[in-house]
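Coordinates in review
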Amino acid sequence: MKEDTDSKKMQIAKEWLEGLAQGRGGREIETRALQNLLSVRVHRGLIHCNFIIPKSLSDRDGNWHVGAIATLIDVVGSAAIVSCVGIIKVSVDFNISYFSTAKIDEEVEIEAKVLGHKGKLSLNTVEIRKKGSGEMIAFGKQWMSSINPNIINVDPIQDTKKFLEGLAKGGLGGELDRQALQNLHSIRVHKGLIHCNFVVPRSLSDRDGNWHVGAIAMLIDVISAAVINSSVGDVKISVDFNISYFSMAKIDVLIVPPFIYSLN
């Protein structure tokens, strides 16, 4: 059964790439960037293919345009991930190093490889080399995230409310998440908007009796993920996280954004 599923994912990736190369599916920029893609070989987490640079993708000096290279790396890298997980992901962190150039009608070889997964994130690399000499043209590395892999029809608002209430009651999530949200209550969830109250427990205080900044960060991270879930129906994980601390709160202080009320 697993072999059948893996085979189907690889077939989806192959058909998607070949469709783009033939001008079917995708956006115009993708079909243009892949118009001369050929010899597509797909394995689980690994793609090999060749590409002949057309005149339409050259810059003013007759070289393969760096923007077209970037588009090809993005799409072929995404296809490699499709061959593993069966869904198309989007880039959230994308780095390319350009080592040399290629001219019109020159043939290059492309290898896309999936290195691993972390939650909803997947990491891949893409190498482009000149056919024959093997000279490196470009190397891409990208983290990609699912847009919304849920295929079950779930009400994201109710699902989000149950998720937060489950954490607050200690029935869901990891130990740190449960501890950070243990006194969360009065949860009101709308699409893309969450209001809730929180009483700072002694277990989350620092040595000065203030709400620990690490605990604040955990709460912000979880509720931020929850508010996204209420909108798109998918719990995501942080890839860039910045917090500004403006004041502090003591043990047994009720947090009601945007105000703080003391229970003493």
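Refer to the structure above for everything that follows.
Everything quoted here is computed from the prediction, not taken from an experiment.

**Things to note about the packing of aromatic side chains**
Following the criterion strictly, the structure yields two aromatic pairs and no others. Judged by centre distance (5.3 Å) and plane angle (20°), the ring pair of Phe-51 and Trp-64 falls under stacked. Linking Phe-51 in strand E2 (residues 46-52) with Trp-64 in the loop between E2 and helix H3 (66-85), this pair joins segments that are 13 residues apart in sequence. Take Phe-51 and Trp-64: they sit in the same class, and that class is buried. Aromatic side chains Phe-198 and Trp-211 sit 5.2 Å apart centroid to centroid with 20° between the ring planes, which places their arrangement in the stacked category. Of the two residues, Phe-198 is situated in strand E8 (residues 193-199) and Trp-211 in the loop between E8 and helix H6 (213-232); the sequence distance between them amounts to 13 residues.

**Remarks on the nonpolar core**
Among the nonpolar cores identified, the biggest contains 36 residues, and Trp-64, Ile-110 and Ile-128 are the most heavily contacted of them. In terms of residue count, the dominant contributor to this core is H3 (eleven residues). Once you skip the residues sitting within four places of it in the chain, Ile-110 turns out to touch Leu-37, Ile-47, His-48, Cys-49, Phe-51, Leu-72, Val-76, Val-126, Glu-127 and Ile-128. Counting 21 residues, the second-largest nonpolar core is a separate cluster that includes Ile-187, Val-200, Trp-211 and Ile-216.

**Things to note about the pairing of E2**
Taken together, the five bridges between strand E1 (residues 37-43) and E2 define a ladder with antiparallel strand orientation. Looking across to E2, one finds that Val-42 is bridged to Ile-47. Here E1 folds back onto E2 in antiparallel fashion, the turn holding two residues, of which Gly-45 has a positive phi close to 75°. Two strands pair when backbone bridges link them, and E2 and strand E4 (residues 107-118) are joined in this way by seven bridges, in the antiparallel orientation. Following the sheet pairing, His-48 is matched in E4 by Glu-111.

**Remarks on the pattern of salt bridges**
Throughout the structure, instances matching the rule amount to eight salt bridges. A salt bridge links Arg-129 to Glu-127; the nearest nitrogen and oxygen atoms lie 3.2 Å apart. According to the relative accessible area criterion, Arg-129 is partly exposed, its value standing at 31%. Look at Glu-127 and you get partly exposed, because its relative accessible area is 23%. Measuring nitrogen to oxygen at the nearest pair gives 2.5 Å for the salt bridge that ties Lys-161 to Glu-165. Taken together, the positions of Lys-161 and Glu-165, both in helix H4 (residues 156-168) and four residues apart, correspond to about one turn of that helix. Here the salt bridges share partners, and the residues they tie into one network are Glu-106, Lys-130 and Glu-135.

Calculation rules
Note on numbering: residues in each chain are counted from 1, in written sequence order. Where totals are concerned, whole chains, interfaces and linings use all residues; where local detail is concerned, this predicted model gives features only for residues with pLDDT of at least 70, and gives and counts side-chain atom pairs only at 80 or more. Side-chain calculation: all heavy atoms of the structure are included, whereas hydrogens and water are not. When two rings of Phe, Tyr or Trp (its six-membered ring) have centres within 6.5 Å they constitute a pair, described as stacked for plane angles under 30 degrees, edge-to-face for angles over 60, and tilted for the intermediate range. Under the DSSP-based scheme used, a helix requires at least four consecutive residues in state H or I and a strand at least two consecutive residues in state E, with every element numbered from the N terminus. In this scheme, a residue with accessible area under 20% of its type's maximum is buried, one over 50% is exposed, and one in between is partly exposed, where area comes from a 1.4 Å probe on protein chains only. Definition used in this section: a nonpolar core is a set of buried Ala, Val, Leu, Ile, Met, Phe, Trp, Tyr and Cys residues joined via side-chain atoms within 4.5 Å. Contacts are assigned to residue pairs that have any heavy atoms within 4.5 Å of one another. Pairing between strands is defined by DSSP: at least two bridges between them are needed. A pairing counts as a salt bridge when a side-chain nitrogen of Lys or Arg comes within 4 Å of a carboxyl oxygen of Asp or Glu.

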